[in-house]
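Descriptive structure summary
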Amino acid sequence: MTVRIVGTAREWATLRRPGARVAFVPTMGALHEGHGALVRAARAHGDMVVASIFVNPTQFGPTEDLARYPRDLEGDRAKLAAWGCDVLFHPTAEAMYRQGLEAFRIHPPAGLGDFWCGLARPGHLAGVCTVVAKLLGMVRPDVALFGQKDFQQWRIVEALVDDLCLGTRIVRCPTIREPDGVAMSSRNTYLSPTDRIRARALSGALAAVLGCWRSGERDILALEAAGKQAWIRLQGKDPELGDLAYLEVRHQDLTRPALLTAPGVAAMAAQIGPARLIDNVLLEDHSPDLPLLELA
Ligand code: AMP
């Protein structure tokens, strides 16, 4: 199966089969099995599957990794073909931002965007909202699929589509992990072999939070303390392991009560060598186990 590549909404319109249900997977490329799971799931939701690859400049801060973000268009195209994607939407920055980078920007409300990646990366979530709104306007999909790996992003996109009446159904897919628990991420390619082992500390800390939740704890400060203590224990074994950027527990609607009274989510970020990595775990029944690994 070959994947047709288009760069504009007009080109995509020539390929769209009338009456076909379109399922859409937006990405920044450097594709891995996490993206693969989204594309395969998309097949079940649509008659045509469209993926996009666009390294969106407005979601990177001035000191972040926009220039060195991994890019592999031909490799990605082959993977998309194997996963059953029909069309790759690969616009230029000029096609996406026809009025320049200083034009309209959509900001998430404080209750969804003033913490976690919104606090640590000023402007990042507004860049995400803006590009997602543009992509949905260009591709006009029936369904769009997002990964739980970026839980805050998924939650905000769902609210954005609802609030702006964009008419696309948003589907969330589970996080795909390596066998040792590390969440797949395009940024894992930045990691040296030692940093790659160190990256296990994220899922290790989240495993501690999940274990604490499973033992019946619902106080969010106590749940967070379980994860932070696990991190400090791992730092004791590996002094090169840096500090956490954040580790926080919230309800899945992103409110932060003192006690969880509904399913929760524990989310975290940390700098591992050259890569800023994020991860999260759902605090709910049937949440899959995370390996309780100690660093080598
Ligand atoms: P990205 O290319 O990193 O912007 O991600 C594109 C989409 O893939 C987003 O919806 C991500 O949440 C999702 N994604 C990234 N990594 C994973 C993963 N390990 N498992 C599941 N989905 C993922």
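Whatever comes next refers back to the structure up there.
My aim in this report is to walk through the structure given alongside it, one point at a time. Since the structure is predicted, the reported quantities are computational estimates derived from the model, not experimental observations.

Comments concerning the pattern of salt bridges
For the structure on display, the rule yields 14 salt bridges. A salt bridge links Asp195 to Arg198; its shortest N-O distance comes to 2.8 Å. Here Asp195 and its partner Arg198 are both found in helix H9 (residues 193–198), three residues apart, which amounts to about one turn of the helix. For the pair Asp195 and Arg198, a shared accessibility class is recorded, and that class is buried.

Remarks on the packing of aromatic side chains
The full count for this structure, using the stated rule, is five aromatic pairs. Taken together, the aromatic side chains of Phe115, Trp116 and Tyr246 make up a single cluster linked through ring pairs. One cation-aromatic arrangement involves Arg68 over Tyr190; the distance from NZ or CZ to the ring centre is 4.4 Å. Taking the ring centre of Phe115 as reference, the NZ or CZ of Arg250 above it sits at 3.6 Å.

A few points about the sheet that holds strand S6 (residues 169–173)
Pairing in this open sheet of six strands is parallel, and the strands run S1-S4-S3-S2-S5-S6 from one edge to the other. Sheet topology places strand S1 (4–6) and S6 at the edges, where each strand pairs with a single neighbour. The sheet shows a mean angle of 25 degrees between the axes of neighbouring strands, direction not considered. In terms of strand pairing, strand S2 (residues 22–27) meets strand S3 (residues 48–53) through six bridges, oriented parallel. The partner of Pro26 across the bridge, within S3, is Ser52. The strands touched by helix H3 (residues 73–83) are S1, S3 and strand S4 (87–89); relative to S3, the strand with the most contacts, the crossing angle is about 160 degrees. This element, helix H8 (residues 151–163), spans strand S5 (143–147) and S6 of the sheet and lies at about 165 degrees to S6.

Side note on the packing of helix H7 (residues 124–139) against H8
Interaxial distance between H7 and H8 falls to 10 Å at its minimum, and their mutual angle equals 50 degrees. What the angle tells us is that H7 and H8 run oblique. Taken as a pair, H7 and H8 cross one another with a handedness that is right-handed. Contact residues: Leu125, Val128, Cys129, Val132, Ala133 and Leu136 in H7; Gln152, Gln153, Ile156, Val157, Leu160 and Val161 in H8.

What about the site of the ligand?
Taken together, 16 residues surround the ligand, and among them His35, Gly147, Asp150, Ile176 and Met184 come closest. The protein chains hide 93% of the 490 Å² of surface that the ligand would expose on its own. Of all the elements in the fold, those that place two or more residues in the shell around the ligand are S2, helix H2 (33–45) and S5. For the shell around the ligand, the class distribution of residues is seven nonpolar, seven polar and two charged.

With respect to the nonpolar core
Core analysis: the largest hydrophobic core is formed by 42 residues, its most contacted members being Trp12, Val50, Trp116 and Val132. For this core, the secondary structure elements donating two or more residues are S2, S3, S4, H7, S5, H8, strand S8 (264–272) and strand S9 (275–283). With 10 residues, the top contributor of residues to this core is H7. Domain assignment of the residues forming this core places at least three in each of domain 1 (4–173) and domain 2 (186–283). Not counting the four nearest positions on each side in its chain, Trp12 is found in contact with Val6, Val22, Met48, Val50, Val87, Met138 and Val139. In terms of nonpolar packing, the next biggest core, distinct from the first, is built from 35 residues, Ala205, Leu247, Met268 and Ile272 among them.

Description of H7
Between its terminal C-alpha atoms H7 stretches 22 Å, which fits the 22 Å expected from 16 residues at 1.5 Å a residue. Counting buried positions over the 16 residues of H7 gives 14, a clear majority of the element. Directly beyond the C-terminal end of H7, a positive phi value near 50 degrees is found at Arg140.

Some details on the pairing of S6
In this structure, S5 lies alongside S6, joined through five bridges in parallel fashion. Across the sheet, residue Ala144 finds its bridge partner in S6, namely Ile170. In terms of handedness, the path from S5 via H8 over to S6 forms a crossover that is right-handed.

Thresholds, definitions, all that
- Residues numbered from 1 in each chain as written.
- Predicted model: local features only at pLDDT ≥ 70, side-chain atom pairs only at ≥ 80, totals over all residues.
- Heavy atoms only, no water.
- Salt bridge = Lys/Arg side-chain N within 4 Å of Asp/Glu carboxyl O.
- Helix = DSSP H or I, 4+ residues; strand = E, 2+ residues; numbered from the N terminus.
- Buried < 20%, exposed > 50% of the residue type's maximum accessible area, 1.4 Å probe, protein only.
- Phe/Tyr/Trp six-rings, centres within 6.5 Å; stacked < 30°, edge-to-face > 60°.
- Lys NZ or Arg CZ within 6 Å of the ring centre and 35° of its normal.
- Pairing = 2+ DSSP bridges.
- Axes fitted to C-alpha atoms, helices over the stretch in contact; angles between N-to-C directions.
- Contact = heavy atoms within 4.5 Å.
- Parallel < 35°, antiparallel > 145°, perpendicular 65-115°, else oblique.
- Left-handed = near helix turned anticlockwise from the far one by under 90°.
- Near = heavy atom within 4 Å.
- Areas by Shrake-Rupley, 256 points an atom, 1.4 Å probe, with all protein chains shown as cover.
- Nonpolar A, V, L, I, M, F, W, Y, C, P; charged D, E, K, R; others polar.
- Core = buried A, V, L, I, M, F, W, Y, C linked by side-chain atoms within 4.5 Å.
- Domains from an automatic or database assignment.
- Expected span 1.5 Å × (residues − 1).
- Right-handed = clockwise from strand over helix to strand, strands pointing away.

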